[in-house]
Amino acid sequence: MTYEAVIGLEVHVQLKTRSKMFTRAAAGYGHPENTLTDPVVLALPGTLPVMNKDALDKIIKAGLLLGCEIAPVCKWDRKNYFYPDSPKNYQISQYDQPICKGGSVEIELPGPARNIMGEHKSVALTRIHLEEDVGKLNHGDGASLVDFNRAGTPLMEIVSEPVIRSADEAFAYLTALKTVMIYGGISDCDMEKGQLRCDANISIRPVGQAALGTKVELKNLNSFSFVRDGIAHEIRRQTAVLESGGKIVQETRDYDGQTGTSQSLRSKEMAHDYRYFPDPDLMPVEVDQRWKDSIRATCPELPFDRQRRLQAEYGIPYTITSVLVPDRDLGDYFEEAARLSGKAQAAGNWITNDLLRELGAAKKSLSESKVKPVHVAGLVKLVEEGTILSNAAKEVFVDMFNTGDLPEAVVARRGLKAETNLEDLERWCAEAIAANPKSVADYKGGKESALNAFKGPVMRQAKGKADPKRVDETLRRLLAG
Amino acid sequence: MPKPEDFNLDHVANLARINLTEEEKARFASQLGDVLTYIAQLNEVNVEGVEPTAHAFPVVNVWAEDVPEAGLSVEDALRNAPEKRDNMFVVPKVVE
Amino acid sequence: MSQELYNRPASELSQMLARGEVSAVELMKSVAERTRQVEPRVHAFNSMDEADALAQAAASDQRRARAKATGSAVPALEGIPIGIKDVISVAGQPLTASSRMLENFVSPYDATVTGKLKAAGAICWGRLNLDEFAMGSSTENSAFGVTSNPWDLTRVPGGSSGGSAAAVAAGEAIASLGSDTGGSIRQPAALCNIVGLKPSYGRVSRYGLIAFASSLDQIGPFARSVEDAATVLEAISGHDPKDSTSLKLEVPHYARGMAELVKSGRKWKLGIPKEYFGEGLDPEVEASVQAAIGEYKKLGCEIHEVSLPHTKYAVGAYYIIATAECSSNLARFDGVRYGHRSKDAKDALDLYFKSRAEGFGPEVKRRIILGTYVLSSGYYDAYYLRAQKVRTLIRRDFLEAYKQVDAIVTPTSPTPAFKKGEKAANPLAMYLNDIYTIGVNLAGLPGISIPCGFTSSGLPIGLQIIGQPFRETELLAVARAYEERNTWRMQFPKL
Ligand SMILES: [Mg+2]
Ligand SMILES: [Zn+2]
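Residues numbered from 1 in each chain as written. Chains lettered and ligands numbered in written order. Predicted model: local features only at pLDDT ≥ 70, side-chain atom pairs only at ≥ 80, totals over all residues. Heavy atoms only, no water.

**What about the coordination of the zinc ion (ligand 2)?**
Residue and element names in this part refer to chain A. The protein atoms that coordinate the zinc ion (ligand 2) are His12 (NE2), Glu131 (OE) and Glu157 (OE), at distances spanning 2.0 to 2.1 Å. Between consecutive donors of the zinc ion (ligand 2), the numbers of intervening residues give the motif H-x118-E-x25-E. Placement of Glu131 in strand β9 (residues 120-132) and of Glu157 in strand β12 (residues 154-160) is noted, with a sequence separation of 26 residues between them. Classification of Glu131 by relative accessible area gives buried; the value is 3%. (Donors = N, O, S within 2.8 Å, 3.2 Å for Na, K, Ca; no water. Helix = DSSP H or I, 4+ residues; strand = E, 2+ residues; numbered from the N terminus. Buried < 20%, exposed > 50% of the residue type's maximum accessible area, 1.4 Å probe, protein only.)

Below you can see the structure in the form of structure tokens.
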């Protein structure tokens, strides 16, 4: 029997705000333990929450980018449960009135090869709501240590419909979601920093069956590849269970990416009963058309829309757009360089090959690059005009990368200008022809390749600085004469 | 409305994370039984079509701009901690 | 009447301070001395810091001298010692909520009202006893001992703000702050012969008040006169960006506005809700309240019988909503970040069970359990949601009545102060003691209790006046119109 998987993802994304969701203590990552707290974060007696306007702006932006319906009114609920990383022992969240409903994420499945675009699909969303993050538990021997720096960070919970069918689709979904979040300036989605966290609900059923199988919740998928591998592993595990005549148990499993295995989390002795109720400390949020419009005005073009536009507008291939587009800044960089140079393809090549290679080697980010779009455009022009030759251009690029000098300056400083003394070139060509009568005969006899025999000596004379195109032209003219 | 006898004290005390002695259980069960019986008279009220009141004077969009303010120093954050180590709060090990 | 400093109203003391007849330090010394004398019998305080209070008083005298030199204004409460219920945070001071759970807790921040009192020149004086976490009507539920009623030491002062009421009644503070969730200011004020005011919900910031039931809690003053209550209310009121439920409304000049209204001789239309005068109302209390209503008639006020038909459901709705909110509000007391931690927990889960069992007293446990139950899966709609709908009906009853009348007049408490221990074993009987005060909290209205006489055995009786939302000035004026015509407030307990 063949089975198909039914997968729904619950993704938590930290919003990129300066202060926390319900108090103005600073939000941040990588600070010394318990230095980002205040009485509200620590839930000291008497403290009260106050919403962060920017977090609301950002979730509305996320909702608009993903085509969600923004609720005209939403409220806050308390989700009650005890855990040492939760200072109030309830989490302020949204239960039955999330701020965003519906919507979808456009994803791209892996193509048949790296350089060929894969199939695009739309993954429907159930809802997106806003809540607050918890602190961090560090497990030691016999005790746990709690750091509340992360507690209270604004957190978006994005719930997909159970429409994902494979580990690859899940991976593609996360990738696309992350790209949209980065485009919107909503979150950096750095999984290593816990800015994006993912749980998966997975069931399988025989192909053609409408009823859903028993679902298993997979937790601790803490990198993109662990999400893919963990889901693939769980599908295999469930398939094996069913094929051996067993039954799937509804449970929560913990995936260990290091060993590629999963383990059932001992079912809690008490079933969860979160006792949701409206938070009496907070007032509802009302989102009117004006607010939505003002956020919409700040929404960027979606990444896949941009990719399609770049291909259509600049005629550049998927191999380049698929590199440029996932990084909004790189895409912007490209568009600037393409505009300045008027040669999109050449600019794209320089950026996706040389710039990324040098940045990678130097372990630098784009914003740290001394080579700006104006440098790339300048270089493209010099090559285009024949002022420098392509191998010299490579040298210029590396120099610019290190010094930040403009290409013209590098060419002048390093004497990389292509040979333009036409008298010398004329003389070297004539000498080469005179020295090789056999090849002259061959050429005149129709053997086109015989021309190459003259080029070597000319280039040697020119010490490599002659434009091959001009050498070719000159030789043909002299031989024809 | 549920019946006062539905009340399962052990289950609820578990949710509330409070250990009760046998003596407390007996006393609370009877006292809360009385209270629940009294509360059951809310059943008489016709609440059809009545909106719940969450706030006496509701307003909307009460928020603050996203401007960080100084918080507590680590020392102040941990001042009341029953047990601390390495600038963190110590809790006995968490068993899932 | 010649009175000791510690028994005078703040308005009078302010004038004496202004005239230089007394210094803030002398006043504070008088209050502290009185406190030393009577506190062993009254036990209104959980803790006090006399040296700190005297230092605050000295600073106050200096501020006054500076203001005099520069001709600048002196704030309304400059130099007045004001006691603070031990559930309102004062930076650097203990904050116990009269609970073992917070026995050693020191708060690192000021409640908004504390900051406002300080800004108004008041001296923050002592931490006043209460029913643990403000849950109770007698102050017997304190982990640190029962407060006695200064009028009869064998009786309770009411609660939960019993310490705040007893301290003012006994001359241990000139005024004080309490909190009122279901009557916790008005009922002890009534039982101790002083004025107690619960403002409209949202009038005073709750930031720094340990939450019992967030949608009902409100901080308010205890004082020796309606005017003093107005002055303290003015000092602590106003929108607070740290409390999302505090409203952005301008703060009127309560004392001045009240005085002007009283002077105008306005004939108030007063409503008498028939449901508040039935079974369970002590005949002596009823007689005093009727006599007070008679005084209003003499003033030319119109008296209307009104109906608040859902009154009998108020206690039930209240105990669902208040306990539900408290079960969640008190979840933070878990022994992790602060507060009592059990010494023999074997793991984190066990830490919760044991710390909370050891840290909370019986009434708090009962309410947390009740509140947890009414929110639990399968019961939410039947209890919590229904109670919130009943709340809507109770609120409507009041708003309906206000189409006819300016204010509503009722007894504050069905009985005068009861004996210690009398209701301790019967929580329901204790809950029913709040029957006249609870509706006000459910509806978010302002309410005041003022002295209106004594029983034959000399126990104080209180008159409750319930105002319209955010119309505290009118409420105070109605109260003052009656207060002017009697001397109840000028009687002091013999201690
Ligand atoms: Mg916790
Ligand atoms: Zn969540």
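Back to the text.
**Considering the layout of surface pockets**
Residue and element names in this part refer to chain A. Its volume calculated, the second largest pocket comes out at about 1000 Å³. Taken together, 36 residues line the second largest pocket, and the ones lying closest to its centre are Glu108, Thr175, Phe304, Ser322 and Pro326. Among the elements of the structure, β8 (104-108), α2 (167-183), α3 (224-243), α5 (303-314) and α6 (318-324) are those that each provide at least two residues to the lining of the second largest pocket. In terms of residues, the lining of the second largest pocket owes the most to one element, α2, which gives 9 residues. Class assignment for the residues of the lining of the second largest pocket results in 19 nonpolar, 8 polar and 9 charged. Two domains each donate at least three residues to the lining of the second largest pocket, and these are domain 1 (3-294) and domain 2 (301-414). (1 Å grid on protein atoms, 1.4 Å probe; cavity = no way out; pocket = protein on both sides within 12 Å on 5 of 7 lines; lining within 4 Å. Points joined across faces, edges and corners; volume = space filled by probe spheres on them. Nonpolar A, V, L, I, M, F, W, Y, C, P; charged D, E, K, R; others polar. Domains from an automatic or database assignment.)

**A short note on the sheet that holds strand β5 (residues 195-198) of chain C**
Residues and elements named next belong to chain C. The sheet built from 11 strands is open, its strands ordered β1-β3-β2-β4-β6-β5-β10-β11-β9-β7-β8 with mixed pairing. Edge strands, defined here as strands with exactly one partner in the open sheet, are β1 (45-47) and β8 (302-306). Averaged over all pairs of adjacent strands, the angle between strand axes in this sheet comes to 35°, irrespective of strand direction. Where strand β2 (residues 81-85) and strand β3 (residues 123-128) come together, 4 bridges link them in parallel fashion. Its bridge partner lying in β3, Lys85 is registered against Leu128. (Pairing = 2+ DSSP bridges. Axes fitted to C-alpha atoms, helices over the stretch in contact; angles between N-to-C directions.)

**A short note on the domain arrangement of chain A**
Domain annotation for chain A reports domain 1 (3-294), domain 2 (301-414) and domain 3 (422-480). Domain 2 of chain A and domain 3 of chain A are separated by 34 Å when their C-alpha centres are compared.

**Describing α3 of chain A**
In an α-helix, one turn spans 3.6 residues; hence positions three or four apart end up facing the same way. All names here are of chain A. Taking 1.5 Å per residue as the helical rise, α3 with its 20 residues ought to reach 28 Å, and the 29 Å between its terminal C-alpha atoms agrees with that figure. Here α3 has its buried residues at Phe224, Phe226, Val227, Gly230, Ile231, His233, Glu234, Ile235, Gln238 and Thr239. Gly245 sits one or two positions beyond α3 and adopts a positive phi of about 80°. (Expected span 1.5 Å × (residues − 1).)

**A short note on the coordination of the magnesium ion (ligand 1)**
Residues and elements named next belong to chain A. The protein atoms that coordinate the magnesium ion (ligand 1) are Tyr83 (O), Ser86 (O) and Asn89 (OD1), at distances spanning 2.1 to 2.4 Å. If you list the donors of the magnesium ion (ligand 1) from N- to C-terminus, the spacing comes out as Y-x2-S-x2-N. Each of the two residues, Ser86 as well as Asn89, counts as buried.

**Examining empty space enclosed by the protein**
Residues and elements named next belong to chain A. For the structure on display, the rule yields 8 cavities of 30 Å³ or more. In terms of lining residues, the largest cavity is bounded by 15 residues, among which Val41, Lys88, Glu132, Ala151 and Gly152 are the most central. The residue inventory of the lining of the largest cavity, partitioned by class, reads 7 nonpolar, 4 polar and 4 charged.

**What to know about a nonpolar patch on the surface**
Side chains of Leu340, Val374 and Leu406 of chain A sit close together on the surface and give an oily, nonpolar patch of about 220 Å² of accessible area. Relative to the assigned elements, Leu406 of chain A resides in the loop between α10 (390-403) and α11 (407-414). (Patch = residues over 30% accessible without salt bridge, like charges linked within 9 Å, V, L, I, M, F, W, Y side chains within 5 Å. Areas by Shrake-Rupley, 256 points an atom, 1.4 Å probe, with all protein chains shown as cover. Salt bridge = Lys/Arg side-chain N within 4 Å of Asp/Glu carboxyl O.)

**Concerning the environment of Arg236 of chain A**
Among the secondary structure elements, Arg236 of chain A is positioned in helix α3. Distance from Arg236 of chain A to Ile204 of chain A, taken between C-alpha atoms, is 9.7 Å for residues 32 residues apart in sequence.

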